[in-house]
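Analysis of the macromolecular model
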Amino acid sequence: MEFTLDATSKNARACTIKTAHSTIKTPVFMPVGTVGSVKSLDVHDVVETLGAEIILANTYHTYLRPGDKTIAKMGKLHGFTKYPKSFLTDSGGFQAFSLSDMSKPQTDGIEFRSHIDGSKHLFTPKKVIDIQHNLGSDIMMILDDLVALPATKERIALSIERTTQWAKESIEYFRAKQKEGIGVDQNIFAIIQGGTDKEFRTKSATELCALDYDGFAIGGLSVGELNNEMYDTVEHTVQYMPQDKPRYLMGVGTPEDLIENIERGIDMFDCVMPTRNARNGTLFTSFGKLNIKGAKYKEDNSPIDPECSCPTCQTYSRAYLNHLFRAREISYFRAATLHNLHYYLELMRQARKAILEDRYAEFKKEFYSKRGK
């Protein structure tokens, strides 16, 4: 991986990340392709229409179905999906958290039962890396111990202890495999934990950022805490993260969350929100959210967002999309998903331009002004 810090606007950063498959300009939002597919879209939509240079696939889900060994036989993720740009794969730690009634963290890893057939599995730090070697992702995340908030100090302390221990095992194993010629074009990120406790975040960041990782993520946020608590935690944590490596805030979030955390020095984001909300009828616009299910749009001939250049806004009216949603037409899901992801990706491009021009503070004011805030 090649990393360049191109410009700053106070703490906001514009960077360039080069992997074996693409050049990524930050700030960047990564569309989520859970099982190797961004829901309702095809590769042409993602590459040509949206211009996405990196998407996220899910280690837990692809391990269970179709299986990482099957994907490896089919040319790894790039050959299997035909998406030619960069993949980031997560570790499975979040799925263990979200499926907590079917999983159990322990000293050597996370034991869980498949949500598909109930079969029992154990994710260890080494196994998670082996799976991601089979997937062939450009950036892999290590196994971490994520906890819901609020949590006791004892549970957060245990989370940090496990996460640091697993991080040490992971980087040693990953670098040893690279010396054997395995995963030489892959990169690996560690995940900082610690809840919203600044002392815990300092400890986790200090311990992990001393290790030989290619980038660092902030995990364990957007899991029940207040927005201001998230922002304060990010602002505190980034000061312990290297300037010369990517900073990734996992699983976040709303357009407002992205704007606030870019201001605090974050480079990379992912979230299911734009795709999931699209399917449920919520569309993101320059003036805020719009619920296309509303009866008031039944005869509204205007586009979703007059300022948007996406194919959906250039082609269809709110009235037509209202009709498609109510009729549960499959074409609605594609049209809405294209719009929401275009909005997110374009917001990141605009943010980058503002950073390069050293006017991010003004850009943020304009962003909120359009929303009447």
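Located above this text is the structure these notes cover.
Rules used throughout
- Residues numbered from 1 in each chain as written.
- Predicted model: local features only at pLDDT ≥ 70, side-chain atom pairs only at ≥ 80, totals over all residues.
- Heavy atoms only, no water.
- Helix = DSSP H or I, 4+ residues; strand = E, 2+ residues; numbered from the N terminus.
- Rg over C-alpha atoms; globule rule 2.2 N^0.38 Å.
- Buried < 20%, exposed > 50% of the residue type's maximum accessible area, 1.4 Å probe, protein only.
- Contact = heavy atoms within 4.5 Å.
- Areas by Shrake-Rupley, 256 points an atom, 1.4 Å probe, with all protein chains shown as cover.
- Lys, Arg positive; Asp, Glu negative; His and termini not counted.
- Charge placed at Lys NZ, Arg CZ, Asp CG, Glu CD.
- Pairing = 2+ DSSP bridges.
- Axes fitted to C-alpha atoms, helices over the stretch in contact; angles between N-to-C directions.
- Phe/Tyr/Trp six-rings, centres within 6.5 Å; stacked < 30°, edge-to-face > 60°.
- Salt bridge = Lys/Arg side-chain N within 4 Å of Asp/Glu carboxyl O.

Counting its regular elements, the chain contains 15 helices and 16 strands. For the chain, whose C-alpha radius of gyration is 20 Å, the value lies close to the compact-globule estimate of 21 Å for 373 residues. Expressed as lengths along the three principal axes of its C-alpha atoms, the size of the chain is roughly 60 × 45 × 40 Å. Counting only residues that meet the buried cut, the chain has 58% of its 373 residues in that class. By sequence separation, contacts in the chain at least 24 residues apart represent 67% of the contacts at least 6 residues apart. Taken as a whole, the chain presents about 15900 Å² of accessible surface, with 49% of it coming from carbon and sulfur. Positive and negative side-chain charges of the chain, numbering 48 and 48 respectively, have mean locations separated by a distance of 3 Å.

Glancing now at helix H6 (residues 125-135). All of the buried residues in H6 are Pro 125, Val 128, Ile 129, Ile 131, Gln 132, His 133 and Leu 135. Of the residues flanking the end of H6, it is Gly 136, one or two places downstream, whose phi is positive at about 75 degrees.

This paragraph deals with the sheet that holds strand E6 (residues 86-89). If you trace the eight strands from one edge of the open sheet to the other, you get E4-E14-E13-E12-E11-E10-E6-E5, paired in parallel fashion. In this open sheet, the two edge strands, each paired with only one partner strand, are strand E4 (28-30) and strand E5 (54-57). Adjacent strand axes in the sheet meet at a mean angle of 25 degrees when their direction is disregarded. Pairing between E4 and strand E14 (residues 268-270): three bridges, direction parallel. Across the sheet, residue Met 30 finds its bridge partner in E14, namely Asp 270. In the packing of helix H7 (residues 153-179) onto the sheet, the strands contacted are strand E10 (139-141) and strand E11 (187-192), and the crossing angle to E11 comes to about 175 degrees.

Assignment of secondary structure puts Thr 23 in strand E3 (residues 23-25). Classification of Thr 23 as partly exposed rests on a relative accessible area of 32%. A C-alpha to C-alpha distance of 27 Å links Thr 23 and Ala 167, two positions 144 residues apart in sequence. Those residues in contact with Thr 23 that lie beyond four places of it in its chain are Thr 16, Ile 17, Lys 18 and Glu 53.

We now examine the environment of Ile 330. On the secondary structure map, Ile 330 appears in helix H14 (residues 330-356). By relative accessible area, Ile 330 is classed as exposed at 71%. Separated by 290 residues in the primary sequence, Ile 330 and Ser 40 have C-alpha atoms spaced 8.4 Å apart.

What you see with strand E9 (residues 120-123) is a clean split: His 121 and Phe 123 sit on the buried side and Lys 120 and Leu 122 on the side with no burial. When strand E8 (residues 109-113) meets E9, the two strands line up antiparallel, connected through four bridges. Residue pairing in the sheet places Ile 110 in a bridge with Phe 123 of E9.

In the structure shown here, the tally under the stated rule is 13 aromatic pairs. Between Phe 284 and Tyr 344, the aromatic rings sit 5.3 Å apart at their centres with planes inclined by 80 degrees, giving edge-to-face as the arrangement. Separated by 60 residues along the polypeptide, Phe 284 in strand E15 (residues 282-285) and Tyr 344 in helix H14 bring together distant segments of the chain. Seen in terms of ring centroids, Tyr 316 and Tyr 320 are 5.3 Å apart; in terms of plane orientation they differ by 35 degrees. Their pairing is tilted. Residue classification places Tyr 316 among the partly exposed residues on the basis of a relative accessible area of 34%. By the ring-pair criterion, three or more aromatic residues cluster together here, those being Phe 29, Phe 284, Tyr 343 and Tyr 344.

Here the focus is the pairing of strand E1 (residues 2-9). In this structure, E1 lies alongside strand E2 (residues 12-18), joined through seven bridges in antiparallel fashion. Counterpart to Glu 2 in the pairing with E2 is Lys 18. The antiparallel pairing of E1 with E2 creates a hairpin that spans two residues between the two strands, and Lys 10 there sits at a positive phi of about 60 degrees.

On to the pattern of salt bridges. Per the counting criterion, the structure on display carries 22 salt bridges. The salt bridge partner of Lys 364 is Glu 260, with a shortest N-O separation of 3.2 Å. Of this pair, Lys 364 sits in helix H15 (residues 360-370) while Glu 260 sits in helix H10 (residues 255-263), placing them 104 residues apart in sequence. The salt bridge involving Glu 263 is made with Arg 264; its shortest N-O contact spans 3.7 Å. The exposure class of Arg 264 is buried, given its relative accessible area of 14%. Within this structure, Glu 235, Glu 260, Glu 263, Arg 264 and Lys 364 form a network of salt bridges that share partners.

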